[in-house]
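# Residue-level structure breakdown
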Amino acid sequence: MIPITPGQRLTKAGVAAQVIRSIIGRSWPFDSRHFEALYRAAPDPWHVTVKPNEQRKYAATLALLPEGCSYEAMEVGCSEGAFTLLLAPRCKSLLAMDVSATALERARGRNVENRHVNFLCADVRRLHGEAQFDLITIMEVLYYLPGAEAVEEARRTVIQLLRPGGYLLLTHLQGWGDYTPHARGLQKLEHGIKGCCRCLINVGLRAIGAPIMARAPELHASFRNTPELEVMAETIDPEFQVLLLRRT
Ligand SMILES: C[S@@+](CC[C@H](N)C(=O)[O-])C[C@H]1O[C@@H](n2cnc3c(N)ncnc32)[C@H](O)[C@@H]1O
């Protein structure tokens, strides 16, 4: 990976080149420097503010949250704070964290009115402390961890930070990569093609011994099969899955 110096701007092509270089070099491409470079290259890298599907994903996630509680919550991978803005009214306090300082700066700006929201630049696997949250959300973060052991590390960390009876809300895409809204038939075709591409890419990555990105079903399964967590509710959409768990 190219080290990023403060103030340096990278183009999207530069970011893509970094990812390809690290795949060829068999190192994990999606580390904090990757995300920092992505956010410095352009705001809103996944176009969450303009894509209706992102809003649908946010609404489906919030819909699974039990009503009548004002949570002491943590949002893992808050990005530029678009979901933070929607989650904040449901919280007494909210710690929004991410590995990218640039993303957090924008998240802070977007949530300036929400004085009960605090921001933290950290890796979810490096968090320590006693159970202090009664809600933790992890939306589209786990695929970016370098393999099953890292997901396991994140799982152990968040369980430790969750009070007994506290909720863990996971949202991840069914497919690999980006998606766009289209008519249903076209969408199915697109998903089929993306599925084939994903298989081919994964076979290629496996052949050169590079790490492979997992998807919602595999990622959520590792949390579902945890003795400290019980499954409360689930939404399975053609594009994403939302899983609500509760710490026993
Ligand atoms: C695809 S974005 C998802 C953003 C937001 N949760 C959403 O769904 O709109 C992934 C975010 O996770 C952050 N991230 C990646 N790895 C992380 C880690 N190990 N710990 C905390 N945040 C991480 C990235 O910086 C990025 O902002």
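Note that the structure is a prediction, hence the values are computed from the model and not measured.

What follows concerns the overall build of the chain. Summing up its helical and strand segments, the chain has eight helices and seven strands in all. Out of the 248 residues belonging to the chain, those deemed buried represent 33%. Put simply, of all contacts in the chain between residues at least 6 apart along the chain, 64% involve residues at least 24 apart.

Side-chain direction in a regular strand flips from residue to residue, so the side chains alternate between the two faces of the sheet. Pairing analysis gives seven bridges linking strand 6 (residues 229–236) to strand 7 (residues 240–247), with the strands arranged antiparallel. Residue pairing across strands places E234 opposite L243, the latter belonging to strand 7. In sequence, strand 6 turns back onto strand 7 through a hairpin of three residues.

Before going further, it helps to examine the nonpolar core. Residues A73, L94, I136 and L168 are the most contacted members of the largest nonpolar core, which totals 51 residues. No fewer than three residues from each of domain 1 (12–41) and domain 2 (52–177 + 210–247) sit in this core. Apart from the residues within four sequence positions on either side, L94 is in contact with A73, E75, T84, L87, A88, H116 and V117.

Attention now moves to the site of the ligand. Near the ligand there are 20 residues, and of these F35, G77, S79, V124 and M139 occur at the shortest range. Classifying every residue of the shell around the ligand gives 13 nonpolar, three polar and four charged.

Next up on the list: the pairing of strand 2 (residues 91–98). Pairing analysis gives six bridges linking strand 1 (residues 71–76) to strand 2, with the strands arranged parallel. Note that in strand 2 the partner of E72 across the bridge is S93. Handedness of the strand 1-helix 4 (residues 82–87)-strand 2 crossover: right-handed. In terms of strand pairing, strand 2 meets strand 3 (residues 117–121) through five bridges, oriented parallel. Looking at strand 3, one finds that D98 is bridged to C121. Of the crossover connections in this fold, the one passing from strand 2 over helix 5 (residues 101–110) to the parallel strand 3 is right-handed.

This brings us to the sheet that holds strand 7. The mixed open sheet is built from seven strands, whose spatial order is 3-2-1-4-5-7-6. Each edge of the open sheet is held by one strand with a lone partner, namely strand 3 and strand 6. With strand direction ignored, the average angle separating the axes of adjacent strands in the sheet is 15°. Strands strand 5 (162–173), strand 6 and strand 7 of the sheet are contacted by helix 8 (residues 216–224), whose axis makes an angle of about 10° with strand 7.

Right, let's get into helix 8. Inspection of helix 8 places A216, L219, H220 and F223 among the buried residues, and these make up the whole buried set. The arc that holds the buried residues of helix 8, viewed along the axis, is 90°, so those residues lie on one side. Those residues of helix 8 that are exposed and aimed more than 90 degrees away from the buried face are P217 and A221. Tucked into the core, helix 8 has its buried residues touching helix 6 (148–161), strand 5, strand 6 and strand 7.

Attention shifts here to unusual backbone geometry. Backbone geometry places H47, a non-glycine residue, at a positive phi of 55°. Take H47: it is sitting in the loop between helix 2 (32–41) and helix 3 (52–63).

What counts as what
- Residues numbered from 1 in each chain as written.
- Predicted model: local features only at pLDDT ≥ 70, side-chain atom pairs only at ≥ 80, totals over all residues.
- Helix = DSSP H or I, 4+ residues; strand = E, 2+ residues; numbered from the N terminus.
- Buried ≥ 20, exposed ≤ 12 C-beta atoms within 10 Å, placed from the backbone.
- Contact = placed C-beta atoms within 7 Å.
- Pairing = 2+ DSSP bridges.
- Core = buried A, V, L, I, M, F, W, Y, C linked by C-beta atoms within 7 Å.
- Domains from an automatic or database assignment.
- Near = placed C-beta within 6 Å.
- Nonpolar A, V, L, I, M, F, W, Y, C, P; charged D, E, K, R; others polar.
- Right-handed = clockwise from strand over helix to strand, strands pointing away.
- Axes fitted to C-alpha atoms, helices over the stretch in contact; angles between N-to-C directions.
- Arc of directions from axis to C-beta.

By themselves, these observations are geometric and do not establish any function.
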